[in-house]
Amino acid sequence: MSEPTVRERPTKVCPECAETVLADARRCRFCGHRFAPPAAGASGATPEPRGGVLGLIFRRPAPPSTVEDVLAQWGVELLDGEHADDIRLCRVDGEPSYVVVTSLRFLAVASRPRVKGPRTVKERWLRELVGVERSGQQLGRTTLTVRWLHGTTELAGLRAAALA
């Protein structure tokens, strides 16, 4: 008798944390990064949407498309003339958080809220920024110490690409 063949499942690399995940994954199981939906026909047949009542119950809302949309979903409003370009996942003072630097503010939004409701948001005005220094590096991830007029913030686990 011949041995059964083991079928390898296709994988992809997460652009945020560089971990290998299944190719069909919508979200990285390591860092939570959401992958863009595949183009129609990219992986063959597109799945049939559920119809009827189940389709209404289990329909997922479209993921936010911009940083501003993500912040609005979290209940964080940008001020008039303020804009944000990027979100990064790291540890802020030891807590897993998303960091957003806008044109006016530094925001740290809790990545896993402890209770249902609004996420914890720490914010600082960029005009209070005194300096930033690299205070450590481990396994290709950098720790930064951000000095403010009143206190410091430690950002740990940033990839080199995030520092550019």
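Scroll up for the structure.
A brief structural summary. (Residues numbered from 1 in each chain as written. Predicted model: local features only at pLDDT ≥ 70, side-chain atom pairs only at ≥ 80, totals over all residues. Heavy atoms only, no water.)

1. Remarks on the overall build of the chain
Phase 1: For the chain, the helix and strand inventory stands at three helices and nine strands.
Phase 2: Starting at the N terminus and ending at the C terminus, the chain contains elements arranged as β-β-α-α-β-β-β-β-β-β-β-α.
Phase 3: Every one of the 164 residues in the chain was classed for burial, and the buried ones make up 24%.
Phase 4: In the chain, once contacts between residues fewer than 6 apart in sequence are set aside, the share between residues at least 24 apart is 22%.
Phase 5: By element, 52% of the accessible surface of the chain is carried by carbon and sulfur atoms, the whole surface being about 12,400 Å². (Helix = DSSP H or I, 4+ residues; strand = E, 2+ residues; numbered from the N terminus. Buried < 20%, exposed > 50% of the residue type's maximum accessible area, 1.4 Å probe, protein only. Contact = heavy atoms within 4.5 Å. Areas by Shrake-Rupley, 256 points an atom, 1.4 Å probe, with all protein chains shown as cover.)

2. Considerations on the sheet that holds strand S4 (residues 95-102)
Phase 1: Read across the open sheet, the seven strands follow the order S6-S5-S4-S3-S9-S8-S7; overall the sheet is antiparallel. Strands with a single pairing partner mark the edges of an open sheet, and in this sheet they are strand S6 (121-125) and strand S7 (129-138). Within this sheet the neighbouring strands show an average axis-to-axis angle of 30 degrees, counted without direction.
Phase 2: Pairing of strand S5 (residues 105-110) with S6 involves five bridges; the strand directions are antiparallel. Looking at S6, one finds that Val109 is bridged to Val121. (Pairing = 2+ DSSP bridges. Axes fitted to C-alpha atoms, helices over the stretch in contact; angles between N-to-C directions.)

3. A few points about the pairing of strand S9 (residues 151-159)
Phase 1: Of the pairings in the sheet, the one linking strand S3 (residues 84-92) to S9 comprises two bridges and is antiparallel in character. Counterpart to Arg91 in the pairing with S9 is Ala156.
Phase 2: Relative to S9, strand S8 (residues 141-148) runs antiparallel, the two being bridged by seven bridges. Bridging from a neighbouring strand, Arg141 pairs with Arg159 of S9.
Phase 3: Once S8 ends, the chain turns through two residues before running back antiparallel as S9.

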